[in-house]
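Residue strings, one per chain:
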Amino acid sequence: IWNLARDRDCQVLVVSQTGTLATRWVGYIAAWLSYGEIPTVFGRFKPEKQDGEIPWRPSKGELMVLGRKRGAQGGAMQFSILSRGAGAQVLGFEADVVVGDDITQKAKAISDVQRTVEREWWLEEVMSRLQPEGRAIVVRHDCPLATNCRSASTFPAVLLPTGSARVPPRLVAF
């Protein structure tokens, strides 16, 4: 939310264990951007009418904020916020911020093959969407995907204590 408040052209990719969970996070974000103090302080984010010109579809995990200029003319549509479940297609989306929350599940963590597939998807598909000055944050440091990626990551990786507000630039936090 803070990144979008500072820069309406910011692009955020929210990844979670399932598409449903990732979409739920986008719904929470949409509510914060639509009501209360955030739009009062930073101006409106949600388009007034849903005519399709500016997509605002929290139930599909797709938001484009009002005032966005990036990607609005020509080329493929780039959402302000896009959600995906683990293993889903993310290629074609550029991200300034990647947020991974509870990406894996215990059943996948048990299998070496499934762990490898999930790790490759995260590193090769999701992290390849991150722009050069972007940041990635992974919540739930105790999951095997985070542990494996932390050791293989080409990005700085730090274990942040719960509730930490300090997130250095270009960080993968596990």
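Coordinates for the structure precede this section.
These numbers come from a predicted model, not from an experiment. (Residues numbered from 1 in each chain as written. Predicted model: local features only at pLDDT ≥ 70, side-chain atom pairs only at ≥ 80, totals over all residues. Heavy atoms only, no water.)

### A word on the pattern of salt bridges
Phase 1 of the analysis: Counted under the stated rule, the structure contains two salt bridges.
Phase 2 of the analysis: Among the ionic pairs, glutamate 48 bridges to arginine 44, the shortest N-O distance being 3.0 Å.
Phase 3 of the analysis: Accessibility expressed as a relative area gives 68% for glutamate 48, which makes it exposed.
Phase 4 of the analysis: For arginine 44, a relative accessible area of 42% translates into the label partly exposed.
Phase 5 of the analysis: Here arginine 57 makes a salt bridge to glutamate 62, at a shortest N to O gap of 2.8 Å. (Salt bridge = Lys/Arg side-chain N within 4 Å of Asp/Glu carboxyl O. Buried < 20%, exposed > 50% of the residue type's maximum accessible area, 1.4 Å probe, protein only.)

### Focus on the packing of aromatic side chains
Phase 1 of the analysis: Summed over all chains, the structure comprises three aromatic pairs.
Phase 2 of the analysis: Each ring, one from tryptophan 2 and one from phenylalanine 42, has its centre 6.0 Å from the other, and the planes form 75°; the classification is edge-to-face. A residue pair is termed long-range when its members are at least 10 positions apart, and tryptophan 2 in helix H1 (residues 2-6) and phenylalanine 42 in helix H3 (residues 37-42) qualify at 40 residues.
Phase 3 of the analysis: With a centroid separation of 6.4 Å and 55° between ring planes, the pair formed by tryptophan 121 and tryptophan 122 is classed as tilted. (Phe/Tyr/Trp six-rings, centres within 6.5 Å; stacked < 30°, edge-to-face > 60°. Helix = DSSP H or I, 4+ residues; strand = E, 2+ residues; numbered from the N terminus.)

### A short note on a nonpolar patch on the surface
Phase 1 of the analysis: Together, Ile1, Trp25, Tyr28 and Trp32 make up a nonpolar patch on the protein surface, roughly 450 Å² of accessible area in all.
Phase 2 of the analysis: The residue tyrosine 28 is located in helix H2 (residues 19-34) in this model.
Phase 3 of the analysis: Overall, tyrosine 28 belongs to the partly exposed group, its relative accessible area being 44%. (Patch = residues over 30% accessible without salt bridge, like charges linked within 9 Å, V, L, I, M, F, W, Y side chains within 5 Å. Areas by Shrake-Rupley, 256 points an atom, 1.4 Å probe, with all protein chains shown as cover.)

### Concerning the nonpolar core
Phase 1 of the analysis: Counting 17 residues, the largest nonpolar core has Leu13, Val98, Trp121, Trp122 and Val126 as its most contacted members.
Phase 2 of the analysis: For this core, the secondary-structure elements that each account for two or more residues are strand E1 (12-16), strand E5 (95-101), helix H5 (112-126) and strand E6 (130-139).
Phase 3 of the analysis: If near-sequence neighbours (up to four positions away) are discounted, valine 126 is found in contact with Leu13, Val15, Val90, Val98 and Trp121. (Core = buried A, V, L, I, M, F, W, Y, C linked by side-chain atoms within 4.5 Å. Contact = heavy atoms within 4.5 Å.)

### Some remarks on the pairing of E5
Phase 1 of the analysis: The buried fraction of E5 amounts to six of the seven residues, a majority that puts the element mostly inside the structure.
Phase 2 of the analysis: Bridge count for E5 against E6 is six bridges, and the pairing is parallel. When the sheet's bridge partners are listed, valine 98 is paired in E6 with alanine 136. (Pairing = 2+ DSSP bridges.)

### A few points about H5
Phase 1 of the analysis: Taking 1.5 Å as the rise per residue, H5 with 15 residues should run 21 Å; its terminal C-alpha atoms sit 20 Å apart, in good agreement.
Phase 2 of the analysis: Along H5, the positions that sit buried rather than exposed are Glu118, Trp121, Trp122 and Val126. Each buried residue of H5 lies within a common arc of 95° when the element is viewed along its axis, so the set occupies one face. In H5, the exposed positions angled more than 90 degrees off the buried face are occupied by Asp112, Val113, Val117 and Glu124. (Expected span 1.5 Å × (residues − 1). Arc of directions from axis to C-beta.)

### Quick word on H2
Phase 1 of the analysis: For H2, built from 16 residues, the straight-helix expectation of 22 Å at 1.5 Å per residue is met to within 8% by its first-to-last C-alpha distance of 22 Å.
Phase 2 of the analysis: Residues of H2 that are buried include every one of Ala22, Thr23, Val26, Ile29, Ala30, Leu33 and Ser34, and no others. The buried side chains of H2 occupy one side of the element, clustering within an arc of 130° when seen end-on. Opposite its buried face, H2 presents the exposed residues Thr20 and Trp32, each directed more than 90 degrees away.
Phase 3 of the analysis: Its buried side turned inward, H2 meets H1, E1, H3, strand E2 (56-57), strand E3 (62-63) and strand E4 (81-85).
Phase 4 of the analysis: At the C-terminal side of H2, glycine 36 shows a positive phi close to 85°.

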